[in-house]
Amino acid sequence: MTPATIIDGWFFDAYPVTGGMAVWVLDESGVARRFFDPFAPSFYLRLDRRDAQRLPALARRLPVTLGKALKTELFSGHEWQVEDVRVRDPLQFNRSVAALQKFFPHFAFYNSNIPVAQMYLYDRQVFPLARCEFTVDGAGALKRIDVRDSFDARDYDLPDLRIMRLTNGGADVPSKFFRTLNLEVSYDGSTHSLEGEDAVSVLESFNWHLYNYDPDILMTSWGDATLLPTILNASLRHRVPLLLNRDRSQEYFTTKERSYWTYGQIIHRDAAFMLAGRWHIDSENSFIMGESDIEGVIELARLTQLPMQKQSRAAIGTGLASMQMSYAWRNNILIPAEKKEGEDFK
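Residues numbered from 1 in each chain as written. Predicted model: local features only at pLDDT ≥ 70, side-chain atom pairs only at ≥ 80, totals over all residues. Heavy atoms only, no water.

A cluster of nonpolar side chains, F287, I316, L320 and M323, forms an exposed patch at the surface whose accessible area comes to about 380 Å². Here the nonpolar patch gets 3 residues from one element, more than from any other, and that element is helix α8 (residues 316–330). Assignment of secondary structure puts I316 in helix α8. Taking relative accessible area as the criterion, I316 reaches 47% and is therefore assigned partly exposed. (Patch = residues over 30% accessible without salt bridge, like charges linked within 9 Å, V, L, I, M, F, W, Y side chains within 5 Å. Areas by Shrake-Rupley, 256 points an atom, 1.4 Å probe, with all protein chains shown as cover. Salt bridge = Lys/Arg side-chain N within 4 Å of Asp/Glu carboxyl O. Helix = DSSP H or I, 4+ residues; strand = E, 2+ residues; numbered from the N terminus. Buried < 20%, exposed > 50% of the residue type's maximum accessible area, 1.4 Å probe, protein only.)

This part is about the sheet that holds strand β2 (residues 20–27). Taken together, the 5 strands give an open sheet; going across it, the order is β3-β2-β1-β8-β9, and neighbouring strands pair in antiparallel fashion. One side of each edge strand has no neighbouring strand; the edge strands of this open sheet are β3 (32–38) and β9 (142–147). For this sheet, the mean inter-axis angle between neighbouring strands, taken without regard to orientation, is 45 degrees. One ladder, built from 6 bridges, connects strand β1 (residues 5–17) with strand β8 (residues 131–136); its direction is antiparallel. Paired with D8 across the strands is E133, a residue of β8. Lying over the sheet, helix α3 (residues 116–124) contacts β1, β2, β3 and β9, oriented at roughly 150 degrees with respect to β1. (Pairing = 2+ DSSP bridges. Axes fitted to C-alpha atoms, helices over the stretch in contact; angles between N-to-C directions. Contact = heavy atoms within 4.5 Å.)

Let us look at the pairing of strand β4 (residues 42–45). Here β4 shows no split at all, with S42 and Y44 on one side and F43 and L45 on the other all buried. Looking at chain direction, β4 and strand β6 (residues 79–87) are connected through 4 bridges and run antiparallel. The residue of β6 that forms the bridge with L45 is E83. Examined bridge by bridge, β4 and strand β7 (residues 109–110) share 2 bridges and lie antiparallel to one another. Residue pairing in the sheet places L45 in a bridge with F109 of β7.

This part covers helix α5 (residues 223–238). At P229, α5 shows its largest kink, close to 25 degrees. Those residues of α5 that sit buried are G223, D224, T226, L227, L228, I231, A234 and S235. In the segment just after α5, R239 is the residue with positive phi, at about 55 degrees. (Bend = angle between axes of the 7 residues up to and from the residue.)

Next up on the list: the packing of aromatic side chains. Under the criterion given, the structure shown has 9 aromatic pairs. Judged by centre distance (4.1 Å) and plane angle (10 degrees), the rings of F12 and W279 are stacked. One end of the pair, F12, is in strand β1; the other, W279, is in strand β18 (residues 279–282), and 267 residues separate them in sequence. F12 sits in the buried class, given a relative accessible area of 1%. Centroid distance F39 to Y120: 5.3 Å. Interplanar angle 80 degrees. Geometry classified as edge-to-face. Of this pair, F39 sits in the loop between β3 and β4 while Y120 sits in helix α3, placing them 81 residues apart in sequence. What links up through ring pairs into an aromatic cluster is the set F43, F93 and F109. (Phe/Tyr/Trp six-rings, centres within 6.5 Å; stacked < 30°, edge-to-face > 60°.)

The next thing to look at is the packing of helix α6 (residues 287–304) against α8. Two elements in contact, α6 and α8, have axes whose closest approach is 11 Å; the angle formed by their N-to-C orientations is 10 degrees. As the angle between them shows, α6 and α8 are arranged roughly parallel. Contacts between α6 and α8 involve I288, L303 and T304 from the first element and I316, G319, S322 and M323 from the second. Here the contact of α6 with α8 is built from residues that sort into 4 nonpolar, 3 polar and no charged. (Parallel < 35°, antiparallel > 145°, perpendicular 65-115°, else oblique. Nonpolar A, V, L, I, M, F, W, Y, C, P; charged D, E, K, R; others polar.)

So, on to the pattern of salt bridges. One pass over the structure, following the stated rule, counts 17 salt bridges. In this structure, the salt-bridge partner of D51 is R54, at a minimum N-O distance of 2.8 Å. Note that D51 and R54 are positioned in helix α1 (residues 49–59) at a spacing of 3 residues, about one turn of the helix. Its relative accessible area of 13% is what places D51 among the buried residues. Judged by relative accessible area, which is 28%, R54 ranks as partly exposed. Across the salt bridge formed by R162 and D216, the nearest N and O atoms sit 3.9 Å from each other. Highlighted residues: R162 in the loop between β9 and β10 (163–167) and D216 in the loop between α4 (199–213) and β13 (217–220), separated in sequence by 54 residues. Taking relative accessible area as the criterion, D216 reaches 0% and is therefore assigned buried. Because the salt bridges share partners, they merge into one network encompassing R162, D214, D216, R246 and R278.

Here the focus is the environment of D89. Locating D89 in the fold gives a position in the loop between β6 and α2 (93–101). Taking relative accessible area as the criterion, D89 reaches 15% and is therefore assigned buried. Along the primary structure D89 and V17 are separated by 72 residues, whereas in three dimensions their C-alpha atoms are 7.9 Å apart. For D89, the contacting residues outside a window of four places in its chain are V17, T18, G19 and P63.

Attention shifts here to α6. For α6, built from 18 residues, the straight-helix expectation of 26 Å at 1.5 Å per residue is missed by more than 12%, its first-to-last C-alpha distance being only 16 Å. Of all the bends found along α6, the most pronounced is centred on D293 and spans about 115 degrees. What α6 keeps buried is the set I288, M289, I294, G296, V297, I298, A301, R302 and T304. Buried residues in α6 make contact with α3, β13, β18, α7 (308–313) and α8. In the stretch just after α6, Q305 is the one whose phi turns positive, near 60 degrees. (Expected span 1.5 Å × (residues − 1).)

In C-alpha cells:
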C-alpha cells in the first residue's frame, strides 16, 4: 500500500467529475496540483408514506442510493425523518433531481438546487484560498483536508498568484467589433502583442504564452460575452486546440446570459465562460471587480464559500444566500429547494 503524502498549501478550486470532485491545490512553491476526492452529494425528500413507498421504483434507473436521515426543519426547528437520495456520480446530480421532480411537488425537495461545487465546499468546510494540509495517497486521491485557516480571518497568508491579462489589442470595446484576431497579453511586467491576418499564428502564440507562464488567473475585459467565445470559435475553425484549461480532460463551463428586474431596475448579466484548473475573471462582468479588484473578490469568496469564478460574477444577494446555506449545512438544517417566504414590501 502506497504511503500517504501530506501537502501544505492553499485550496484553489473544485468541480464535479465522474465519481467525485477534481480538486486543485496550490502548494507552498506555487505549483498547481490536481487531486481527486470521491464525493456523493445528497438531496432530501419529505414524503408521506404512500409516496415513500413509490420512491424505490421511481429511482431504480437513477445512479442513486436511497436511505433515511434525520434533519432539522428550518422554520419550526422540529426534527424530521426524510428520504436521503445520495447521488453516486456528481455529474448526474441535476438529472437525478429533475427525474424525481416529475413525480413529487417542489415543496417536498430539500438541498436539491445547491450547485455541486458549493455543496462540496460546505461539506468539507473549506473555502477558496484557505490554507490547508492535504493528505493524498499514491494514486492522487485526497484522503483528508485539514483547514488551517478561518473564513472570517482578518489577516491571512495568500499564495503568489500568477495573473495574465488578456485584451483584444488593448482596446476598451468588445471584440465583436474587430475583423481580425488581435490579442494582447500582459504578465510579469511585460506586454506582448499577438496580431496579424493569420489567425493560426495568433492562436499558437497565445498557447505558447499560456504554456510558458501557466497563469492561475486569466483576467479579461469582455471575456465572457465576446473575447473568449471569439477565440474559441477561431480555434475550432482553424483546428488549433487551446490551452485555456489547465485540466485538458474538461470542457469549459458556460452559462446563458440573462436579464432580470430587481429593486426598480433591469440588470443584464453576460453569459459566463469559466475554466477548469485556473480562474477566468471578466472585469466587465463583475460588480465586485469594479469596486475592489481581485483582493475584494478573494475576501468575499472566503466569506461566502462560493467558488472564485462564480463569486466574481455574483450579486451580493447570492453571496449572502450562500453564507446562510453554509450555516444550515453545518447545523443539519434542511434547505428548501424553493424560497417559501417572500421579502417584505420595501
